[in-house]
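One-letter residues, chain by chain:
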There are 2 protein chains.
Amino acid sequence: MRNRSSITIKELSTRLGLSTATVSRAFTPGARINDATRSRILAEAEALGFSPNSNARRLAQQRSGLIGLDCPGNFNILDNLFLVELARGIQAAASSSGYGLLLNTLPRDGGDVTLLREWVHGRVVDGVVLVLPPGFPMETLKILAGRDVPCVVIAQNDERATPLRRVTLDLEHGALAALRHLRLLGHRRIGFLSSNPPDSVHRAYTEFMKADNLFDSSLIAYTDASVASARNAMHQLLAVSDRPTAVFARNDVIALGALRAAREMGLGVPGDISVIGHDDIVLAGLTDPALTTVRVDTERLGRIATEMLLEAMQPNAANAEADQELKVHTELIVRDSTAPIARAVVTIHAGENVLA
Amino acid sequence: MRNRSSITIKELSTRLGLSTATVSRAFTPGARINDATRSRILAEAEALGFSPNSNARRLAQQRSGLIGLDCPGNFNILDNLFLVELARGIQAAASSSGYGLLLNTLPRDGGDVTLLREWVHGRVVDGVVLVLPPGFPMETLKILAGRDVPCVVIAQNDERATPLRRVTLDLEHGALAALRHLRLLGHRRIGFLSSNPPDSVHRAYTEFMKADNLFDSSLIAYTDASVASARNAMHQLLAVSDRPTAVFARNDVIALGALRAAREMGLGVPGDISVIGHDDIVLAGLTDPALTTVRVDTERLGRIATEMLLEAMQPNAANAEADQELKVHTELIVRDSTAPIARAVVTIHAGENVLA
DNA sequence: TTGTACGCGTTATCAA
DNA sequence: TTGATAACGCGTACAA
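Residues numbered from 1 in each chain as written. Chains lettered and ligands numbered in written order. Predicted model: local features only at pLDDT ≥ 70, side-chain atom pairs only at ≥ 80, totals over all residues. Heavy atoms only, no water.

### Structural notes on the side chain of B:N76
With respect to the helices, strands and loops of the structure, B:N76 is situated in the loop between β1 (66-70) and α5 (81-95). The contacts of B:N76, once residues within four sequence positions are left out, are A:R88 and A:Q91. (Helix = DSSP H or I, 4+ residues; strand = E, 2+ residues; numbered from the N terminus. Contact = heavy atoms within 4.5 Å.)

### Some points on the protein's contact with DNA strand C
Residues in contact with DNA strand C amount to 25 residues; listed here are only the nearest, A:T22, A:R25, B:I9, B:S24 and B:R57. A share of 66% is what sugar and phosphate atoms reach among the atoms of DNA strand C within 4 Å of the protein. A:N34 places a main-chain nitrogen or oxygen 3.0 Å from a phosphate oxygen of DNA strand C. B:N53 places a main-chain nitrogen or oxygen 3.0 Å from a phosphate oxygen of DNA strand C. In terms of residue count, the dominant contributor to the surface near DNA strand C is helix α4 (residues 54-61) of chain B (4 residues). (Near = heavy atom within 4 Å. Polar contact = N/O pair within 3.5 Å; in protein donor to acceptor, adjacent residues only side chain to side chain.)

### Examining the interface of chain A and chain B
When the parts come together, some accessible area is lost, and that loss is often what is quoted as the size of the interface. The interface of chain A with chain B comprises 56 residues on the first partner and 56 residues on the second. For the pair chain A and chain B, the two sides together bury roughly 5200 Å², of which 48% comes from carbon and sulfur. Joining chain A to chain B, the criterion identifies 6 salt bridges. Salt-bridge contacts for A:D79 lead to B:R88; the nearest nitrogen and oxygen are separated by 3.1 Å. Between chain A and chain B we count 18 residue pairs in polar contact (both at pLDDT 80 or more) in total. Looking at the side of chain A that touches chain B, the elements with two or more residues in it are α3 (35-48), α4 (54-61), α5 (81-95), β2 (100-103), α6 (114-121) and α10 (252-264) of chain A. Counting residues per element, the side of chain A that touches chain B draws most heavily on α5(A), which supplies 6 residues. Across the side of chain A that touches chain B, the residue classes break down as 20 nonpolar, 20 polar and 16 charged. (Buried area = accessible area lost by both parts, 1.4 Å probe. Salt bridge = Lys/Arg side-chain N within 4 Å of Asp/Glu carboxyl O. Nonpolar A, V, L, I, M, F, W, Y, C, P; charged D, E, K, R; others polar.)

### Considering the nonpolar core
A:L69, A:F248, B:L69 and B:F248 are the most contacted members of the largest nonpolar core, which has 98 residues in total. In terms of residue count, helix α11 (residues 298-313) of chain B provides more of this core than any other element does, 7 residues in total. Ignoring sequence-local partners within four residues, the contact set of B:L69 consists of B:I77, B:A87, B:I90, B:L101, B:L102, B:L103, B:N104, B:W119, B:V129 and B:V131. Counting 40 residues, the second largest nonpolar core, distinct from the first, contains A:L66, B:L66, B:L102 and B:V120. (Core = buried A, V, L, I, M, F, W, Y, C linked by side-chain atoms within 4.5 Å. Buried < 20%, exposed > 50% of the residue type's maximum accessible area, 1.4 Å probe, protein only.)

### A few points about the sheet that holds strand β11 (residues 325-329) of chain A
Residue and element names in this part refer to chain A. Spatial strand order, β2-β1-β3-β4-β5-β11: 6 strands in an open sheet with parallel pairing. Edge positions in the sheet fall to β2 and β11, since each has one partner strand and no second. Pairwise comparison of adjacent strand axes, ignoring direction, gives a mean angle of 20° for this sheet. Pairing of strand β1 (residues 66-70) with strand β3 (residues 127-131), which is carried by 4 bridges, proceeds in the parallel orientation. Across the sheet, residue D70 finds its bridge partner in β3, namely L130. Sitting on the sheet, helix α7 (residues 171-184) touches β4 (151-156), β5 (165-170) and β11, and the angle it makes with β5 is about 15°. (Pairing = 2+ DSSP bridges. Axes fitted to C-alpha atoms, helices over the stretch in contact; angles between N-to-C directions.)

### Let's talk about helix α3 (residues 35-48) of chain B
All names here are of chain B. Taking 1.5 Å of rise per residue, 14 residues should cover 20 Å, and α3 covers 20 Å from first to last C-alpha, within 8% of that figure. Among the residues of α3, R38, I41 and A45 are the ones counted as buried. For α3, the angular spread of buried residues about the axis comes to 65°, placing them on one side. Along α3, the residues that are exposed and aim more than 90 degrees away from the buried face are D35, E46 and A47. Turning to α3, the residues buried within the fold contact α1 (9-16) and α2 (20-26). (Expected span 1.5 Å × (residues − 1). Arc of directions from axis to C-beta.)

### Concerning the packing of α7(A) against helix α8 (residues 200-211) of chain A
Residue and element names in this part refer to chain A. Running from amino to carboxyl end, α7 crosses α8 at an angle of 40°, the nearest separation of the two axes being 9 Å. As the angle between them shows, α7 and α8 are arranged oblique. Crossing of α7 against α8: the hand is right-handed. Here L171, E172, A175, L176, L179, R180 and R183 of α7 lie close against α8, whose contacting residues are S200, V201, A204, Y205 and F208. (Parallel < 35°, antiparallel > 145°, perpendicular 65-115°, else oblique. Left-handed = near helix turned anticlockwise from the far one by under 90°.)

### Some words on the relation of the copies chain A and chain B
With an RMSD of 0.2 Å, chain A superimposes on chain B once it is rotated by 180° and translated 0.1 Å along the axis. Such a turn and shift between the copies fits a two-fold axis. (Least-squares fit on C-alpha atoms with pLDDT ≥ 70 in both.)

### Some remarks on the domain arrangement of chain A
Here chain A is described as being made up of domain 1 (1-45), domain 2 (66-170 + 297-330) and domain 3 (172-296 + 334-345). The distance between the C-alpha centroids of domain 1 of chain A and domain 3 of chain A comes to 64 Å. (Domains from an automatic or database assignment.)

### Digging into the state of the cysteines
Residues and elements named next belong to chain B. A full pass over the atoms with the stated rule returns 0 disulfides over all chains. Distance from the sulfur of C71, which forms no disulfide, to the nearest cysteine sulfur (C151) is 11 Å. You can call C151 buried: its relative accessible area is 6%. (Disulfide = S-S within 2.5 Å.)

### Overview of the protein's contact with DNA strand D
Near DNA strand D there are 26 residues, and of these A:I9, A:S24, A:R57, B:T22 and B:R25 occur at the shortest range. A share of 67% of the atoms of DNA strand D within 4 Å of the protein falls on sugar and phosphate groups. With respect to DNA strand D, the backbone of B:S19 contributes an N or O atom lying 3.0 Å from a phosphate oxygen. Listed by contribution, the elements that provide at least two residues to the surface near DNA strand D are α2 (20-26) and α4 of chain A together with α2 and α4 of chain B. Along the lines of polarity and charge, the residues of the surface near DNA strand D split into 11 nonpolar, 11 polar and 4 charged.

### Some points on helix α1 (residues 9-16) of chain A
Owing to its 3.6 residues per turn, the α-helix aligns residues three or four sequence positions apart on the same side. Residues and elements named next belong to chain A. Listing the buried residues of α1 in full gives L12, S13 and L16. Down the axis of α1, the buried set is contained in an arc of 100°. They therefore lie on one face. Exposed residues pointing more than 90 degrees away from the buried face of α1 are listed as K10 and T14. Structurally, α1 contributes buried residues whose contacts are with α2 and α3.

As structure tokens, then:
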């Protein structure tokens, strides 16, 4: 048997000549209790180093005071900066309502949602924020059905709709803002450095360019999310006749490769060519020139999802509106890597290539 | 009263014609129970979507299954990349022993260790990893005294010793490796970009240089951790007669500023001047040239601290060795920003300045 | 405003 | 190997 190093509410009550009920009330916000006795109790508790045993409390209250964050397929949330930022928002919202945050971990015995099942069926958590990767099998979520544990799903907007509370990321919003920004600067030959597989940002680009009759498939190059690969892709874009005067990269690391390739070709950024990134990672503010990019307010995404969850956890509005959806959009951050189109290049568009 | 959406162990037992005790045993690893009955129970549980209520379990077992990470002064752990990496290691070690991780949050009512007190006195967690900032008042830790909640402290090695289990970071190890690396490449005029306040890395530099009779206070410049400020400091270093042929920066962001200043002065890195950073942030692998730097294996730091904690949490070895200390040292990562000293500069050392 | 007494769902002890 | 039952420490009707 363990060393019982902590006082219980019972000992405290006898010591004060009160009942356990009264002592309990002293720790319950809004309970009917005389102010004087409450402070007498709290003072004694303070002196003795007493706090109500949280495990007993949780059992009696039928709630754990914990919110879970689960990302099936991502064994360790903290490995992924996107998820860290998301968790930051969730943690902020949760803690300001008195909830703790629990992160998913490697399941001990294999199954991908073993932990989630334990969380929900064992009432380890009072609510769950679920980040679903593209293509996640929805049948797996049956384990949530009929339980008293609300759940909010975070997914990108290309995911097919789910009959759950969800917050989705509207990537098109920021992408279109970036493209419009370039058009306002006079650019017409706008390249796109895509990461495989093409997603809603890519689609936004395609539709935007087509709508303006500017689409040209040779303005698109594919790369993975490494500087080296992006550099190659950028060189490829710069090699086409009538080269782009601006390039939109699917993410900031790719944009960094583009910056490097441009420098290698002797092109000044933004003087000779404009570059826009995506995601606004820390790096983006540190490049030379500082990168214009599209910011994904991931922390806000997490906060909003959590607020939605907390509301669903209210005992009254329980099952009402179990199918609402919220959108969080991305936005353009203008820094120093974009500028009006250069005069010389405008000439090119007029007919002949005066460079190289 | 809440909707009781979950089955209890009692219902399950009557449904199976067994006692609650037996059903409970089915979920206890290593309990004396007939294999056949166990699988019968588990099958039925699976079918009904039953998991033992964790809150009741925690109360009966007198343990929460949670480990807490507290960093007094840092309201949000996830804001700080160092702490995130640390948490990653803690999470990994904790979860592989079946523990969950709880992060500190903004205390609701002000006090700096309010939450820690609640955690320990209320037995919210079974153990605590405590990251202490320099100068943290040790008296505050009285709240841990006499409790059955073990604690491991993580601190830098300049902290005065505490009578607690602790893991400290040996920053000198990597710093000296970096300096030796430069010496082996032939450098003698080695600059140091220090961040205020001077710490053990700074001290390691000073002692190393003095031991080799190379110390010169004009080789040291102070800067805060911004690119702009570091750039200025580097220009200052480059302006001294007999300029350094290598520079050691207190962190990678500062090193980035140094890289930029060098380029502005027309100096090639590493051809004309070598640069070493510190911390090995993601950025370090993406600069041009890729940055040689000192890596702090923060994740390992967290893992080791947690393993120490888990051992202290074993019921048997409870209070034994409550004063052990472990050291985790930093190490040099050689990339492309360091090279042997250039011939021309060697000439300078011979007597006259042929540059500028 | 306070006290009594029961319930929360499991685990652990002891006997069968 | 199984069953009956007492903790575990606290919240909360209900009554006073």
